[in-house]
Amino acid sequence: MKEIRIHGRGGQGSVTAAELLAAGAFDDGMFSQAFPAFGVERRGAPVQAFTRISDSLIRLRSQVYKPDYVIVQDPTLLEVVSVESGVKDNGIIIINSDFEPEKFDLNTNAKIMTVNATKIALDIIGRPIVNTVLLGAFAGATGEIRSESIKAAVKARFPGKMGDKNAEAMQKAYDMMVEAKI
Amino acid sequence: MTVIRDLDKDKMVVAEGSYTVASAVKACKPNVISAYPITPQTHIVEDLSQFMADGEIPNCEYINVESEFSALSALVGSSAAGARCYSATTSQGLELMHEVLFNVSGMRLPVVMTIVNRAVSAPINIWNDHQDSISQRDTGWIQLYAEDTQEISDMTAQAFKIAEDKDILLPAMTCMDGFILSHVHEPVELLESDLVDEYLPSYEPEYVLDPKNPMSFGAFADPESYTEFRYLQQQSMDNAVKKIEDAATEFYDIFGRYYGGLIDEYETEDAEIIIMAMGSVIGTIKDAIDKLRDKGEKVGLLKIRSFRPFPVEAIRKAVKDAKVVVPIDKNISLGLNEGALCTETKACLYNTSINMPVVGFMIGHGGRDIRISTIESIVEQAKKVADSGIEVESQYADLKEEML
C-alpha cells in the first residue's frame, strides 16, 4: 500500500486532488481511498488530505502518519507546517516552487522534487490552480499512476475545455518530472 | 460466514460515502424524504435533493423543514399515511429528535434514518464518535452500524426490509461514522435499482391514516394497556434478531455481498483475546489483527453490527472459548466510566456458565484518530488481564494525561 499526504491551504483544492488521485488509481486497476484531515475548513488555513493506493481492498481508516509521498501545493506552508513529518526515507516530497530542490532544507531523507506548478497553471489554464498540475507531477515523479488515468479522472470531474486545459498542464508537469528523474 | 464481497471492479465506481448512501436511498424508492442539513450528514440530503431535482426519485416528496424535530415529525405523519419514509441526521440533530424517536417507534412506523455518527456538545466538536446514537439506545429503534461505505449502502436496503416486515414494524437507524465514512471516497458498487426491486418488496402497511377510514395512531394508553404496548415492541425486537440475519443472507443471495447479520467474526476461531467493536474502526482492527497474528498472537474480532436488538446469544456463542473479551467503545456512560458495548457485554455474559474477564476500552472520542498502534497497545493490556486478572475494568485507551 502507498500513502500520499497532500498539504495545501483552504481553497486550493487539496481534498479534490486527493479524490481525483483515488479515482485515477482505481481507473489504473488499484484500490484506493481518499479523505480529508477533517478540520474546520477556512480559506487560506493549512489543510491536509490523504490518499491510499493498494492492490488489495483498503480497510485501514486512520490518518496517514508515514506517507510514501507528500505533495505541497504552497511553499509558504513550509514555514508553518512540518510537511516532511513521518515521510519514509525512500519517499518523495513534491513541492510547488520555482526554486531548485536543494534550496529546501528539510529534516528528511526523502527525495525532494520541485515543479513550478503555479507558472504552468498560469501559462496553460490561465489561473493559478495548481492541484491538478501537481497530480501530473506526482504521476511523473512516482510512477504510481499512469498519466492517462489521472488525466481521465480530472477530465471526468471537469468536462469540456477546462478539463482539456488541465490535462495539458498536467502532461507538462508530468514530462518535467520524468525528465528531472533522469 | 464472514465478510464476502465478490469484487467486480467493472461495476464499481469511486464515490463519496454520502453519495453512496444517497444512491442507496434512491434505489429503495422512498415516498417521503425530510431533510434538515447538519454536518457531517449534509451531503446525503444534498445529493438526494439533486436526485429529486433531476427527477430520479419518482413518486417522492422531499420536504425541507425548519429543524430536526420537524424532520422526524413530518415522517410520523407520512409514514402513518403509508409512505416509505427516510431521513438522515447526526449529533445535536439526533438529540433534538429524541422525543419524536419514541413516537415513531411507539406508533410502529418503519422509518429508516441514516445516522452519521458525530460527537455531542459541549464542548463543540463536529468529529466522529458514537455518543449521539448510543444516547438513543432505549428509544425503540433498531440500530445497525456499518464498517465501510459499501456496507452502509447495502444496510440501507436491509433496514427497510427489516423495519417494514409485518413481524417487526419498528424504525431503524443505520449508523455510519461521520467524516471517516461520510466523506471518504472509495470504490463501491452503487445499489442497483432493479436488484433492489427484487430484494425489497413495496411497503404494504396494514393500517394507514386515511380520511375515508378514520383511525387514531399513537393515542392514549392508560395503565390498563401501556405495559402491553411496550411488551409488544420488545417482542418485535426479539423477532428482529432473526430478520436481521435473514435480511443479510437474502441480500447476499441477490447481490453477492455479505457483512454479517447481527454480528460478524474475524479470526475468532482459536482466539484467546476477542476484541468487540462497531463501525469504521472494524477495518483498522482487522489490519491490526493481521499484524498481531503474524507475530503469533491469538487475537480475533467480534464485529457488532446490530446494537439494537442486542445480539445476546450470538455474542455468547462467539466469545465462549476466549480468555478475555475486550469491548471498544466510542461512547461513555458518564457516572459509570464505561461505554455501552462494555456494559452490555458484561450483562449478557452474567448468569451464564461463561466466565471470563471483560475489559473495556474507550477510544476515538470527539474524532481522536485511532491508529493500529493503539489497538496493539490495547491487546498488550488484554494479554496481561488474561495472565493475571483485571486491574482496571474500563478505561480510556488514548487519554492524554499530560493535558489533565
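## Observations concerning the domain arrangement of chain B
Residues and elements named next belong to chain B.
Then step 1. When its domains are assigned, chain B resolves into domain 1 (4-258) and domain 2 (263-399).
Then step 2. Each of domain 1 and domain 2 was reduced to a C-alpha centroid, and the two centroids are 27 Å apart.
Then step 3. In this assembly, 28 residues from domain 1 lie in contact with 23 residues from domain 2.
Then step 4. Between domain 1 and domain 2, roughly 2100 Å² of surface is buried when both sides are summed, and carbon and sulfur atoms account for 51% of that area.
Then step 5. Three residues stand out in domain 1 for area buried against domain 2, namely Arg137, Tyr145 and Glu147, and they jointly supply 27% of the buried area on that side.
Then step 6. Counting every contact that joins domain 1 to domain 2 gives six salt bridges.
Then step 7. A salt bridge links Glu344 to Arg137; the shortest N-O distance between them is 2.7 Å.
Then step 8. The interface formed by domain 1 and domain 2 includes 17 residue pairs in polar contact (both at pLDDT 80 or more).

## Here we look at the interface of chain A and chain B
Then step 1. The interface is formed by 23 residues belonging to chain A together with 29 residues belonging to chain B.
Then step 2. In total, about 2200 Å² of surface goes out of reach between chain A and chain B, with carbon and sulfur atoms giving 61% of it.
Then step 3. For the chain A face of the interface with chain B, the top three residues by lost area are Phe38, Arg59 and Arg61 of chain A, together amounting to 36%.
Then step 4. One can count three salt bridges joining chain A with chain B.
Then step 5. Salt-bridge contacts for Glu186 of chain B lead to Arg61 of chain A; the nearest nitrogen and oxygen are separated by 3.0 Å.
Then step 6. Contributing elements (two or more residues each) for the side of chain A that touches chain B: helix H1 (14-27) and strand S2 (31-36) of chain A.
Then step 7. Sorting elements by how many residues they give to the side of chain A that touches chain B places S2 of chain A first, with six residues.
Then step 8. Of the residues belonging to the side of chain A that touches chain B, the class tally is 13 nonpolar, six polar and four charged.

## As for the pattern of salt bridges
Residue and element names in this part refer to chain B.
Then step 1. Taken as a whole and judged by the stated rule, the model has 39 salt bridges over all chains.
Then step 2. Between Arg308 and Glu344 there is a salt bridge, with the nearest N and O atoms lying 3.0 Å from each other. Residue Arg308 is located in strand S14 (residues 306-308), and its partner Glu344 is located in helix H12 (residues 340-349); the two are separated by 36 residues in the primary sequence.
Then step 3. Taken together, the salt bridges that share partners define one network made up of Glu147, Glu151, Lys286, Lys303 and Arg305.

Cut-offs applied
- Residues numbered from 1 in each chain as written.
- Chains lettered and ligands numbered in written order.
- Predicted model: local features only at pLDDT ≥ 70, side-chain atom pairs only at ≥ 80, totals over all residues.
- Heavy atoms only, no water.
- Domains from an automatic or database assignment.
- Contact = heavy atoms within 4.5 Å.
- Buried area = accessible area lost by both parts, 1.4 Å probe.
- Salt bridge = Lys/Arg side-chain N within 4 Å of Asp/Glu carboxyl O.
- Polar contact = N/O pair within 3.5 Å; in protein donor to acceptor, adjacent residues only side chain to side chain.
- Helix = DSSP H or I, 4+ residues; strand = E, 2+ residues; numbered from the N terminus.
- Nonpolar A, V, L, I, M, F, W, Y, C, P; charged D, E, K, R; others polar.

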